[in-house]
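Topology and contacts: notes
Here is what each chain is made of, one letter per residue.
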Amino acid sequence: MKKFFISLAATLFTFAVQATEYVIDPNHTNARFQIDHFATTTNHGGFYNLEGKVEFSPEEKRGVVDISIPIKNINSGSASFDNHLKSADLFDEEKYPVIRFVSTKWNFKGDKVKSIDGNLTLMGQTHPITLNATKFNCYQSPILKAEVCGGDFQTQLDRTQWGMDYQVKNGISKQVDLYIQVEAAKK
């Protein structure tokens, strides 16, 4: 009887760790943002060459996403604006060189990924967010010769929640639209 329970426990443990691991493709993974600028224009920027991993089990409807977003990789199309974004006024790259998102729960509608809940660490503070999936799919990549999973996600953040208050009282919105595109190839 004891052998039966040991065997059962080993089998259940094996099933519990069945999620397939994928490595994020930095060429197809980015985090972009847009923010209202004094109700006149919209400023845009993005972070590229991101790192991280994805674990996904469609059968068990669960997964893990862990993405590191280096501040040094910010690109707004203007070197001077990039430098200001990296300064202590905004992202404070010197003190906080990396933004990190780690999922806590994947939400499904039927077999489709609907959203991913997780924790966003920015400027030394961690708060929960939900990334809503606008699309998500897995396919056999003819280029990488491997299974690739990925999708497009979006959310809106109140940047002051992380202590990023620059120019809010003078008219720059505290609301930031965030778009994350992720593709990861099976290990």
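Thresholds applied
Residues numbered from 1 in each chain as written. Predicted model: local features only at pLDDT ≥ 70, side-chain atom pairs only at ≥ 80, totals over all residues. Heavy atoms only, no water. Core = buried A, V, L, I, M, F, W, Y, C linked by side-chain atoms within 4.5 Å. Buried < 20%, exposed > 50% of the residue type's maximum accessible area, 1.4 Å probe, protein only. Helix = DSSP H or I, 4+ residues; strand = E, 2+ residues; numbered from the N terminus. Contact = heavy atoms within 4.5 Å. Phe/Tyr/Trp six-rings, centres within 6.5 Å; stacked < 30°, edge-to-face > 60°. Disulfide = S-S within 2.5 Å. pLDDT = per-residue confidence, 0-100. UniProt positions renumbered as here; feature names shortened; annotations may be inferred. Pairing = 2+ DSSP bridges.

Phe47, Val54, Phe56, Phe91 and Trp106 are the most contacted members of the largest nonpolar core, which totals 40 residues. In terms of residue count, strand β11 (residues 172-186) provides more of this core than any other element does, 6 residues in total. If we skip the residues at most four places from it in the chain, tryptophan 106 touches Val54, Glu55, Phe56, Lys61, Arg62, Gly63, Val64, Val65, Val113, Ser115, Ile116 and Phe136.

Applying the stated criterion across every chain, the model contains 7 aromatic pairs. In this structure an aromatic cluster arises from ring pairing among Phe56, Trp106, Phe136 and Phe153.

Applying the stated rule across the entire model yields 1 disulfide. The disulfide partner of cysteine 138 is cysteine 149, and the gap between their sulfur atoms is 2.0 Å. Where cysteine 138 bonds to cysteine 149 through sulfur, the torsion about that S-S bond is close to 110°, and the disulfide is right-handed. Taken together, the residues span a long stretch of sequence, with cysteine 138 in strand β9 (residues 125-141) and cysteine 149 in strand β10 (residues 146-158) at a distance of 11 residues. Classification of cysteine 138 as partly exposed rests on a relative accessible area of 26%.

Another aspect to go through is the confidence of the model for the chain. Predicted coordinates in areas of low pLDDT are best not read in detail. Looking at the chain as a whole, its pLDDT mean stands at 91, while 91% of the residues score no less than 70. The model gives residues 4-16 a pLDDT under 50, and that stretch makes 3 contacts with residues more than four places away or in other chains.

Further remarks concern the UniProt feature "domain: Lipid/polyisoprenoid-binding YceI-like" (unreviewed entry) in the chain. Taking the numbering used here, the UniProt-annotated feature "domain: Lipid/polyisoprenoid-binding YceI-like" (unreviewed entry) corresponds to residues 21-185. A helix fraction of 5% and a strand fraction of 64% characterise residues 21-185, whose end C-alpha atoms lie 8 Å from each other.

A few words now on the pairing of strand β3 (residues 41-48). Sheet analysis places strand β2 (residues 30-37) next to β3, joined by 8 bridges and oriented antiparallel. Bridging across to β3, isoleucine 35 finds its partner in asparagine 43. In textbook terms, the turn of a hairpin is the stretch between consecutive antiparallel strands, and for β2 and β3 this stretch comprises 3 residues, one of which, phenylalanine 38, has a positive phi near 55°. Both β3 and strand β6 (residues 74-75) contribute to a ladder of 2 bridges, which runs antiparallel. Looking across to β6, one finds that phenylalanine 47 is bridged to isoleucine 74.

Relative to the assigned elements, isoleucine 67 resides in strand β5 (residues 62-70). Judged by its relative accessible area of 3%, isoleucine 67 falls in the buried class. A C-alpha to C-alpha distance of 23 Å links isoleucine 67 and isoleucine 143, two positions 76 residues apart in sequence. Ignoring any residue separated from it by four or fewer positions in sequence, one finds isoleucine 67 in contact with Ile24, Leu50, Glu51, Gly52, Ile99, Arg100, Phe101, Ile180 and Val182.

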